[in-house]
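Summary of structural features
Residues per chain are reported as follows:
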Amino acid sequence: MPKRDLISIDDLSRADVELLLDTAESFLPVLERDIKKVPTLRGRTIVNLFWEASTRTSSSFDLAAKRLSADTLSLKASGSAVEKGETLKDTAITLSAYSPDIIVMRHPSAGACQTLSANTEASVINAGDGKHQHPTQCLLDLFSMRQNLGRDLDGLKVFIIGDILHSRVARSDIMGFQMLGMEVTLVGPPTLMPRGIEEMGVKVEYDLANLKDADVIYLLRIQKERIKAGANFLPSLREYSQLWGVSQVRLRPGQRVMHPGPINRGVEIASDIADDDENLIAHQVFSGLAVRMAILYRTIVGYSDGAASGEVL
Amino acid sequence: MERTWCKSAPAAEVLVKGGRVVDPEAGVDAVQDILISKGKVADSGKGLKPGKGTTVVDAGGMLVLPGFVDLHTHLRTPGREDEEDIASGSAAAAAGGYVAVFGMANTDPVVDTATVLRGLAETARADAVIPVGFFAAVTRGLAGEQLTEMGELGAAGAVAFSDDGRPLATAALIRRALQYVKVSGRFVAVHAQDDSLFKGGQMHEGPVSARLGLTGIPSLCESLDVSRTLDIAEYEDAAVHVCHVSTAASLAAIERAKSAGVKVTAEVTPHHLTLNDEAIAALDPNLKMNPPLRAESDRKALVAALKSGLVDCVATDHAPHASEEKDVPFEEAPFGTIGLDTAFAVLYEELVKVKAIDLATLVTRMSTAPARLAGLRPPSLAKGAVADLCVIDTKAPWTVTSETLQSRSSNSAWLGRRFETRVRLTVAAGRVAWQDLA
């Protein structure tokens, strides 16, 4: 079986996405047991390579691999040979000496997964590369939606709000949400809206006037660097919060709020929403574990139904 | 005035038999023999007989063309001979059918004094397999502050002046450069780019960069600087050459200037003529160049401009990089693709074969037009001319690999690509510079 990478959401067909979500669902009972571990990937080796800070993604990949009984190796840029100037190609060659089955990588540069993949036999899973893609975030978002809003996501209206220009999450989500039939509207400051993004088949708006139409409101984190003097993406966080921040008064009943985390209270999200049980934010974190277990499992055993999800347990 | 240098070699004695001779300058497009003797075109016509010691090249079904001239090459010498030197760069050019190339000044040290230029001329005289000449910098160290001694550099043989790789950052600097260059009788070639709009750019700004999440380089970044430069050229009545034009908006500015009588000329690269930004999707660092591959609408406008003559010539912007520099993530890779080995194959197969441009026009834009801009005698196949020609087999499959490329570097946008167009023979300045005879 040739190795299979997951670098971009468009590496997956709709059937692949549905299979991954079904597989993740089949892992849920494992996560409710007292002993939350299955022997499925015993003897397999999974390397987590995080060249950028991460809490959620790195911890959930690490735990997902352990829940499946794989051996894991976690490396960060600080304290590694990268600090001594080793190139990604050489890191790939070095790690390949241990014959890992999967290398999960987060990297600040788009294209890093392609460089890694070209220099290793291991399957590469993208845990975020620059502003390019974050496919596993998209899959866990889809999983949370399916668990909370019903299996059929077709026709659902999603508003993605915030810094679209710098968001790998937005790019993966647009593709994944559309793949499952959802309608995507992007809202944000004109300075943070990539020119030409409409060609992905999304609506673009610069204010929240039509927020009432949304079934799901997906908020993106606003980075403090966007208000640095000279950057001129935003005049202030205060103005961002006034124009694009979402609080309860802006919501109508039934609208569900999502956020990839970490959140900025009082900027893109008001505390009254952050603390409300109706939001899906904590569920997204929970989904991360089941979905990443499914991704690791399918990457190793294959995406065919022959490896039916029932056999997993 | 000597503006190119190459090593000595015996004068060619070659009979090229039965090829399709296309010499737009002479209005020739016919199957003919060409006899080269003592390095000159001694005769042309049917049924020519070889003399004693004459190499006979059976060119049946092949093209016999005036050799090409490249006004925009990075020979990386001095300083980065690991990427290219004058021997390897001129060999790549010869293998691509070129009979003269001109290296840009962004070397280490920069070509900003007559001493450096004379040193390069010496090296070319020892190593170059075809005539090679050099641009000198507009500003010392390409620092954008102090003009170079253009008088002395021009007298030492600089073909023209360019800070290529970097724009002339202010209107005042452009103005002074365009004024002072007149002492040399040569021109300034500009790398048009507004740095404030370029900042952090990775690829053309548009739907593809939006989808990929790469910082965009807007077409405005180039066209604004082209417009400003041409306004200054008009005001100063000075000659200016626009390097590697990549956008339709820049073409519009050039068209306005040309019709206003501004002394502007322009070049376009094979990659901008044949590839667009969609090619970036796989994040292959060999497709990262500056200016970036643009939108399909820009590409089509460039082809139309090459056809009409709005753009005067093809130039490769051959930019070798060491494998360790390019074998990194797309966002960390330097800009540039090599192009000398493949330029004609790319343009013949992508433009001439599909009838986007006719062969005679392509030959003019690759040969006589750039030769005139460089101040060289245009390559000609007329009787009595110094032999500057190439013989091209259009049914000879080959694949672009680090082995088949003559360049020392293999960062080609076409790496792995199969072509059927192969240069069988190049005669430059009357000497056989390349042969790949079956």
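Quick caveat, the model's predicted, so the values are computed rather than measured. (Residues numbered from 1 in each chain as written. Chains lettered and ligands numbered in written order. Predicted model: local features only at pLDDT ≥ 70, side-chain atom pairs only at ≥ 80, totals over all residues.)

**Points about the confidence of the model for chain A**
For chain A, mean pLDDT is 93; residues scoring 70 or higher make up 97% of the total. When the criterion is pLDDT under 50, residues 308–313 of chain A qualifies, and its contacts beyond four places in sequence or with other chains add up to 10 contacts. (pLDDT = per-residue confidence, 0-100. Contact = placed C-beta atoms within 7 Å.)

**Topic: the confidence of the model for chain B**
When pLDDT drops low, the exact placement of atoms in the prediction is not to be read closely. The share of residues in chain B with pLDDT of 70 or more is 100%, and the mean pLDDT across the chain is 97. In the predicted complex, the global pTM is 0.95; the interface-specific ipTM is 0.93.

**Re the packing of helix α1 (residues 14–32) of chain A against helix α5 (residues 135–149) of chain A**
Packed helices, taken two at a time, are described by the angle between their axes plus the distance between the axes. Residues and elements named next belong to chain A. Relative to each other, α1 and α5 sit at 65°, their axes nearing to 10 Å. Two packed elements cross with a definite hand, and for α1 against α5 that hand is right-handed. When α1 is examined against α5, the residues V17, L20, L21 and A24 are found in contact with a partner set consisting of L139, L142, F143 and R146. Among the residues forming the contact of α1 with α5, the class breakdown is 7 nonpolar, no polar and 1 charged. (Axes fitted to C-alpha atoms, helices over the stretch in contact; angles between N-to-C directions. Helix = DSSP H or I, 4+ residues; strand = E, 2+ residues; numbered from the N terminus. Left-handed = near helix turned anticlockwise from the far one by under 90°. Nonpolar A, V, L, I, M, F, W, Y, C, P; charged D, E, K, R; others polar.)

**Considering the packing of α1(A) against helix α9 (residues 281–301) of chain A**
All names here are of chain A. One can describe the packing of α1 onto α9 by two numbers: an axis separation of 8 Å at closest approach and a directional angle of 120°. The hand of the α1/α9 crossing is right-handed. Contacts between α1 and α9 pair L19, L20, T23, A24, F27, L28 and L31 from the former with L289, A290, V291, M293, A294, I295, Y297 and R298 from the latter. When the residues that make up the contact of α1 with α9 are grouped by side-chain class, the tally is 13 nonpolar, 1 polar and 1 charged.

**Observations concerning the sheet that holds strand β14 (residues 264–268) of chain B**
Sheet strands pair via backbone hydrogen bonds, and the direction of the pair is either parallel or antiparallel. Residue and element names in this part refer to chain B. Taken together, the 5 strands give an open sheet; going across it, the order is β9-β10-β13-β14-β15, and neighbouring strands pair in parallel fashion. Looking along the sheet, the strands with just one partner apiece sit at the ends: β9 (161–162) and β15 (313–314). Pairing between β14 and β15: 2 bridges, direction parallel. Across the sheet, E267 pairs through a bridge with C313, a residue of β15. (Pairing = 2+ DSSP bridges.)

**Focus: helix α10 (residues 296–308) of chain B**
Two residues of an α-helix separated by three or four positions point the same way, owing to the 3.6 residues in each turn. Residues and elements named next belong to chain B. With 13 residues, α10 should cover 18 Å at 1.5 Å per step; its first-to-last C-alpha distance of 18 Å lies within 8% of that length. All of the buried residues in α10 are D298, R299, A301, L302, V303, A305 and L306. Where α10 is buried, its residues touch α7 (219–236), α8 (248–259), β14, α9 (270–274), α12 (343–352) and α13 (359–374). Where α10 terminates, the next one or two residues include G309, which has phi positive at roughly 95°. (Expected span 1.5 Å × (residues − 1). Buried ≥ 20, exposed ≤ 12 C-beta atoms within 10 Å, placed from the backbone.)

**Looking at the nonpolar core**
Among the nonpolar cores identified, the biggest contains 153 residues, and B:L117, B:I130, B:F135 and B:V188 are the most heavily contacted of them. Not counting chain neighbours up to four residues away, the residues in contact with B:I130 comprise B:C6, B:S90, B:A93, B:A94, B:Y98, B:V99, B:A100, B:V101, B:A428 and B:A433. (Core = buried A, V, L, I, M, F, W, Y, C linked by C-beta atoms within 7 Å.)

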